[in-house]
Amino acid sequence: MRPLRHLPIDDAPSNFTREQATRLLWRAGFGPRRGEAEALAALGLDGAVRFLLEPPAYAAAGPEPTDSKGRAIAPQDAAGHDHLWWLDRMVRGNQPLVERMTLVWHDWFATSNQGVGSQKLMLAQNQLFRDNWAGSFRDLLLAVTQDPAMLLWLNGNRNRVGKPNENYAREMMELFTLGAYQGYTEQDVREQARALTGWRNDNSTATGPTNFRYDPAYHDAGAKSVFGKTGNFGWQDACQLALENPAHPPFFVRKLWSYFIPLSELDAGTQTTLEQTYVASGYQVKPVLRSILFQPALHTGPRMMKPAIVYNAGLLRLSGRYVDAAEWSGFADAAGQRLFYPPNVAGWDDERWLDTQTFRARWVIALQSIKKFALDYNQPAKTPSNSPDAIIDRALAYWDNPRLTRDTLAALREFTVRALADGGADPANQARYTVLAENALRQLVAVSPDFQTC
């Protein structure tokens with residue numbers, strides 16, 4: 001029998017193991033650094049979840065992010081450096097679940113700098129998400145509703161008495177709180193838009209949009225009828241009415257669940273329990289999130305595709321490379337997930353991560369992650385064994401021994417045997433081909449279906 005570290009996925013043991021700790025770190029963070037999965041597994045599931053939900057003060061390990069010339073990044077000013085700044089937090093930070101939930105909220109309340117036009121405002125919104133990563137969803141919704149980036153993105157700053165703009169009202173219900181065609185009508189959209197009137201800002205030729213504020217003179221003070229209730233509703237009321245709508249708890253539970261576990265694994269009884277937990281807590285995120293992290297379906301259920309940025313950050317964390325090139329934002333763009341640029345207000349589509357372009361981009365991301373650490377085929381190292389199995393074992397060890405399926409292991413072995421055969425009988429040539437094969441195997445492991453899912 002092969003060592004435990006090389007047991008294929010379909011032989012996974014049922015207790016909380018290193019492999020399950022690895023999955024937890026990928027689902028609730030950005031994958032493990034070397035040795036972190038073992039350390040988390042040693043805590044047991046209770047301790048592991050507590051570790052993620054109660055993180056220490058933020059600290060970053062390793063060199064500060066730079067561009068390709070070694071210069072400090074400028075996240076508020078230089079194109080793509082906002083992406084580098086956040087990718088760096090994912091790679092070097094010690095609060096994986098905080099950053100992962102910040103990513104969840106970025107997708108949930110999807111706002112793109114394509115429409116905002118200010119990296120400074122986008123970074124401020126990003127910090128808003130981080131500050132509210134697992135607290136009150138009510139507080140988060142109120143904060144997002146008055147956030148300058150969101151006001152620009154969905155025209156909240158153009159929504160005024162006599163000229164209501166329905167964009168935010170519609171998306172607030174359809175995408176943020178209730179779900180499409182769940183619990184509201186077109187009349188509710190129009191009335192909610194009136195309740196949300198009153199925001200405005202100034203524009204400066206030097207700094208752009210500035211001085212965002214609520215101005216009562218811009219607010220529609222008339223009576224509105226929303227969800228069958230009538231009153232002189234304001235913008236806070238609009239948010240509260242959505243939260244109190246019966247469609248909100250099931251929407252919230254299903255959407256949050258879907259970021260961590262396939263929805264096919266959410267049964268009616270579990271959903272009801274989570275909804276009750278959410279409402280009883282006063283719309284607190286952490287109790288629901290804690291329950292999700294304990295779900296057996298997370299640890300032993302179907303695998304999920306890693307989002308492109310999670311895949312990218314995880315490769316850097318495992319390979320030991322840091323954010324040291326501006327090109328990482330371009331690679332992410334090609335892979336379909338450049339931070340601060342979701343494709344639309346609905347966010348990224350988790351069912352469409354891979355196509356011919358985005359898979360090639362992941363190939364490039366894997367190549368760049370390991371490029372600086374490639375073995376030199378002109379100076380092959382002397383190793384105890386250069387058998388196909390030994391070379392595969394070293395390539396797996398490079399990635400801290402991920403668990404692969406039998407089919408993937410068989411394909412890697414077939415590749416290795418053929419690569420070594422191409423080296424011929426000459427010892428020097430055979431040594432070079434051994435190194436080339438090992439470099440190639442590192443990349444093939446990283447782009448395998450098993451490694452791109454968790």
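Residues numbered from 1 in each chain as written. Predicted model: local features only at pLDDT ≥ 70, side-chain atom pairs only at ≥ 80, totals over all residues. Heavy atoms only, no water.

Student: Where do I start with the overall build of the chain in this structure?
Tutor: Scanning the chain from N- to C-terminus turns up 22 helices and four strands. In terms of C-alpha radius of gyration, the chain reaches 25 Å, essentially the compact-globule figure of 22 Å for 454 residues. Projecting the C-alpha coordinates of the chain onto the three principal axes gives extents of approximately 90 × 55 × 40 Å. Burial analysis of the chain (454 residues in total) assigns 55% to the buried set. Excluding contacts between residues fewer than 6 apart, the proportion of contacts in the chain whose partners are at least 24 apart in sequence is 74%. When the accessible surface of the chain is split by element, carbon and sulfur atoms take 52% of a total near 19400 Å². Charge separation in the chain, taken as the distance between the mean sites of 48 positive and 48 negative side-chain charges, equals 3 Å. (Helix = DSSP H or I, 4+ residues; strand = E, 2+ residues; numbered from the N terminus. Rg over C-alpha atoms; globule rule 2.2 N^0.38 Å. Buried < 20%, exposed > 50% of the residue type's maximum accessible area, 1.4 Å probe, protein only. Contact = heavy atoms within 4.5 Å. Areas by Shrake-Rupley, 256 points an atom, 1.4 Å probe, with all protein chains shown as cover. Lys, Arg positive; Asp, Glu negative; His and termini not counted. Charge placed at Lys NZ, Arg CZ, Asp CG, Glu CD.)

Student: Please explain helix 7 (residues 119-131) as it appears in this structure.
Tutor: Because an α-helix packs 3.6 residues into every turn, residues spaced three or four apart end up facing the same way. Under the 1.5 Å per step criterion, the end-to-end length of helix 7 is 18 Å for 13 residues, consistent within 8% with the ideal 18 Å. Taken as a whole, helix 7 has its buried residues at Gln119, Leu121, Met122, Leu123, Gln125, Asn126, Leu128, Phe129 and Arg130. Of the surrounding secondary structure, the elements contacted by the buried residues of helix 7 are helix 4 (81-92), helix 5 (96-108), helix 6 (113-116), helix 8 (137-145), helix 9 (148-153) and strand 2 (208-214). (Expected span 1.5 Å × (residues − 1).)

Student: Sorry, what's going on with the pattern of salt bridges here?
Tutor: Two side chains of opposite charge can pair, provided their charged atoms sit close to one another. Overall, the coordinates contain 24 salt bridges when judged by the stated rule. We note a salt bridge from glutamate 19 to arginine 403, for which the minimum N-O separation is 3.6 Å. On the criterion of sequence distance, the pair formed by glutamate 19 in helix 1 (residues 18-27) and arginine 403 in the loop between helix 20 (388-398) and helix 21 (406-422) is long-range, its members being 384 residues apart. You'll find glutamate 19 and arginine 403 in the same group, each marked buried. (Salt bridge = Lys/Arg side-chain N within 4 Å of Asp/Glu carboxyl O.)

Student: Explain the packing of aromatic side chains to me, please; I cannot follow it from the model alone.
Tutor: Both the distance between ring centres and the angle between the ring planes are used here to describe each pair of aromatic rings. For the coordinates displayed, the defined rule picks out 21 aromatic pairs. Both rings, one in tryptophan 108 and one in phenylalanine 137, keep their centres 5.6 Å apart while their planes meet at 55 degrees; by these two values the pair is tilted. Here tryptophan 108, found in helix 5, pairs with phenylalanine 137, found in helix 8; they are 29 residues apart in sequence, far enough to count as distant. Here tryptophan 108 matches phenylalanine 137 in class, with each residue buried. An angle of 55 degrees between the planes, with centres 5.6 Å apart, marks the rings of tryptophan 399 and phenylalanine 451 as tilted. (Phe/Tyr/Trp six-rings, centres within 6.5 Å; stacked < 30°, edge-to-face > 60°.)

Student: For this particular structure, what's the right way to read the side chain of asparagine 157?
Tutor: Tracing the backbone through its elements, the reader meets asparagine 157 in the loop between helix 9 and helix 10 (167-177). Not counting the four nearest positions on each side in its chain, asparagine 157 is found in contact with Leu151, Leu152, Trp199, Arg200 and Asn201.

Student: Just checking my understanding: could you explain the pairing of strand 2 for this structure?
Tutor: The two faces of the sheet receive side chains in turn, since in a regular strand these alternate between them. In the sheet, strand 1 (residues 199-204) pairs with strand 2 via five bridges, with the strands oriented antiparallel. Following the sheet pairing, arginine 200 is matched in strand 2 by arginine 213. The hairpin turn running from strand 1 into strand 2, its antiparallel successor, is three residues long. (Pairing = 2+ DSSP bridges.)

Student: How should helix 8 be read in this particular structure?
Tutor: Most of helix 8 sits out of view: seven of its nine residues are buried. Within helix 8 the residues assigned to the buried category are Phe137, Leu140, Leu141, Leu142, Ala143, Val144 and Thr145. Among the residues of helix 8, the N-terminal cap falls to serine 136, whose side-chain oxygen and the backbone nitrogen of arginine 138 are separated by 3.2 Å. (Polar contact = N/O pair within 3.5 Å; in protein donor to acceptor, adjacent residues only side chain to side chain.)

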